[in-house]
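Breakdown of the fold
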Amino acid sequence: MNTQKDTNIKLLKAHTDEINTCAFSSDLTLLLTGSDDSTICIWNSQTGLLIHTLERHQGPVRCCCFSLDDQYFATSSCDRTIIIWKSSNCQPIATLKGHHRSVEVCCFSPDSNMLCSGSWDNRAILWKISHKNCQLYTDLVGHTSCVQSCAFSPNGHHLATGSWDHTIRIWKLYGGIRCIKVLKGHSGNVHTVVYSSQNHLASGSWDKTVILWNVDNGCPLRVLSGHDGWIQVCAFSPDALLLASAADDESVRIWEVSTGKCTSVLQGHVDEVHACTFLPSGHIFTSGSVGIWFKRESGLLNLSTESLNTMEDDLSLQHAHENYVPNLDFS
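Okay, so let's go over this structure.

Criteria and cut-off values
Residues numbered from 1 in each chain as written. Predicted model: local features only at pLDDT ≥ 70, side-chain atom pairs only at ≥ 80, totals over all residues. Heavy atoms only, no water. Helix = DSSP H or I, 4+ residues; strand = E, 2+ residues; numbered from the N terminus. Contact = heavy atoms within 4.5 Å. Areas by Shrake-Rupley, 256 points an atom, 1.4 Å probe, with all protein chains shown as cover. Salt bridge = Lys/Arg side-chain N within 4 Å of Asp/Glu carboxyl O. Buried < 20%, exposed > 50% of the residue type's maximum accessible area, 1.4 Å probe, protein only. Pairing = 2+ DSSP bridges. Axes fitted to C-alpha atoms, helices over the stretch in contact; angles between N-to-C directions. Phe/Tyr/Trp six-rings, centres within 6.5 Å; stacked < 30°, edge-to-face > 60°. Core = buried A, V, L, I, M, F, W, Y, C linked by side-chain atoms within 4.5 Å. Polar contact = N/O pair within 3.5 Å; in protein donor to acceptor, adjacent residues only side chain to side chain.

**Looking at the overall build of the protein**
- Assigned secondary structure in the protein consists of two helices and 30 strands.
- Summarising the internal contacts of the protein: among those between residues at least 6 apart in sequence, 45% fall at separations of at least 24.
- Accessible surface for the protein amounts to roughly 13,300 Å². Of this, 47% is attributable to carbon and sulfur atoms.

Following this line, the structure appears as structure tokens:
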């Protein structure tokens, strides 16, 4: 197992309060950041310049995401709403109201025609999304505590929702929407769920474990242990061969999906690790609180301030954040 450690990590600056979420567009030209200051900042990721500051929400922004075609982006908030924005002009096209408490998570379906949101009201809601009309499609009722994670399967036929009730529910979305499985195996809040391109499902929990699931029978394939803190987020590599997990033990672990073996541990954060993702190319891996790592085929490279300076023409995030980033994602 490869362990890398470096405390000389690039600090990024932005919002006036804690940053809760960020997301890149699929072409990597735009970066969204959402904060407890109730704003969303939109950055040109090539130049690092601020394009817009959006101030529509009336409470902390909890989640943001792009649709896979980059036509829209969505933001959710403690103000109990989700706002759908047009990416081309950063103008809102709809404010979705239906939740009774803070909306903790949102994600688009692969075809960008639906959005799922999860809330402290114990519900997930499916919304129909279009430029002319966005509306509530159906309530997904069954969880007994906060719904804090959700993910569509690659073909869009199923949806996974993770909850503070320690379970993951799998919902069939075609031929009659219904819950077809309740996955039980965690002993803590399920903070993240993610599908791979090969339809694998992984979940991360505050019980400090990651579970790889057999979705067909609802049983765990592997329980991945090693973190000393709550799991905040997981991400599959584009080829589905690797899984990354980030936790508040200030580390990111890289796992082989086929064996469950931990192949690398990235350490060096001065704060909790709240985000990880792979770029679509699979060649670059990032983790976010106050550090960034780049994954290459030859191994893992922890970028210090000096090495980041050589990459700023490509990423240009040097003017982005002043606090830790609890979430990071690429569409």
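**Comments concerning the pattern of salt bridges**
- Using the criterion set out here, one finds three salt bridges in the structure.
- Connected through shared salt-bridge partners, Asp121, Arg123 and Asp139 make up one network.

**So, the environment of Leu31**
- Within the element layout of this structure, Leu31 appears in strand E3 (residues 30–35).
- On a C-alpha basis, the gap between Leu31 and Ser45 in space is 5.9 Å, while along the polypeptide they are 14 residues apart.

**A few points about the pairing of strand E16 (residues 167–172)**
- When you tally the buried positions in E16, you get five out of six residues, the bulk of the element.
- Alignment of strand E15 (residues 158–163) against E16, held across five bridges, turns out to be antiparallel. Paired with Ala160 across the bridge in E16 is Ile170.
- Here E15 folds back onto E16 in antiparallel fashion, the turn holding three residues, of which His166 has a positive phi close to 80°.
- Bridge count for E16 against strand E17 (residues 178–184) is six bridges, and the pairing is antiparallel.

**Thoughts on the sheet that holds E17**
- Taking strand neighbours across the sheet as the criterion, the four strands line up as E14-E15-E16-E17 in an open arrangement whose pairing is antiparallel. The open sheet has two edge strands with one neighbour each: strand E14 (147–152) and E17. Averaged over all adjacent pairs, the angle separating strand axes in this sheet is 20°, with direction ignored.
- Here five bridges tie E14 to E15, and the two strands are oriented antiparallel to one another. Paired with Cys150 across the strands is Thr161, a residue of E15.

**Looking at the packing of aromatic side chains**
- Counted under the stated rule, the structure contains five aromatic pairs.
- Centroid distance Phe73 to Trp85: 5.8 Å. Interplanar angle 10°. Geometry classified as stacked. In this pair, Phe73 is assigned in strand E7 (residues 72–77) and Trp85 in strand E8 (residues 81–86), connecting sequence segments twelve residues apart. Residues Phe73 and Trp85 agree in their burial class; the two are buried.

**Points about the side chain of Ser38**
- Residue position: Ser38 is located in the loop between E3 and strand E4 (40–44).
- Residue classification places Ser38 among the buried positions, given a relative accessible area of 16%.

**Overview of the environment of Val147**
- Following the sequence through the fold, Val147 ends up in strand E14.
- The class for Val147 is buried, based on a relative accessible area of 1%.
- Expressed as a C-alpha distance, the spacing of Val147 and Val103, which sit 44 residues apart in the sequence, is 8.7 Å.
- If we skip the residues at most four places from it in the chain, Val147 touches Glu104, Val105, Gly118, Ser119, Asn122, Arg123, Ala124, Thr161, Gly162 and Ser163.

**Quick look at the pairing of strand E13 (residues 135–140)**
- In terms of strand pairing, strand E12 (residues 124–128) meets E13 through five bridges, oriented antiparallel. Across the sheet, the residue bridging to Trp127 is Leu136, located in E13.
- Two successive antiparallel strands, E12 and E13, enclose a turn made up of six residues.

**Thoughts on the nonpolar core**
- Counting 29 residues, the largest nonpolar core has Ile84, Leu96, Leu115, Ile129 and Leu159 as the members making the most contacts within it.
- Listed by contribution, the elements that provide at least two residues to this core are strand E6 (61–66), E7, E8, strand E9 (91–97), strand E10 (103–108), strand E11 (114–119), E12 and E14.
- Of the residues forming this core, the biggest block, five residues, is contributed by E10.
- Ranked by size, the runner-up nonpolar core spans 14 residues in total, among them Val194, Leu224, Ile231 and Val265.

**Remarks on the sheet that holds E13**
- Strands sit in the order E10-E11-E12-E13 across an open sheet of four strands; the sheet is antiparallel. What marks the edges here is a single partner per strand, and that holds for E10 and E13. In this sheet, adjacent strand axes meet at a mean angle of 25° when their direction is disregarded.
- Here E11 pairs with E12 via five bridges, running antiparallel. Paired with Leu115 across the bridge in E12 is Trp127.

**A word on the environment of Ser251**
- You can see Ser251 is positioned in strand E24 (residues 251–256).
- Placed 14 residues apart in sequence, Ser251 and Val265 show a C-alpha to C-alpha distance of 6.6 Å.
- Separated by 2.7 Å, the side chains of Ser251 and Asp249 make a polar contact.

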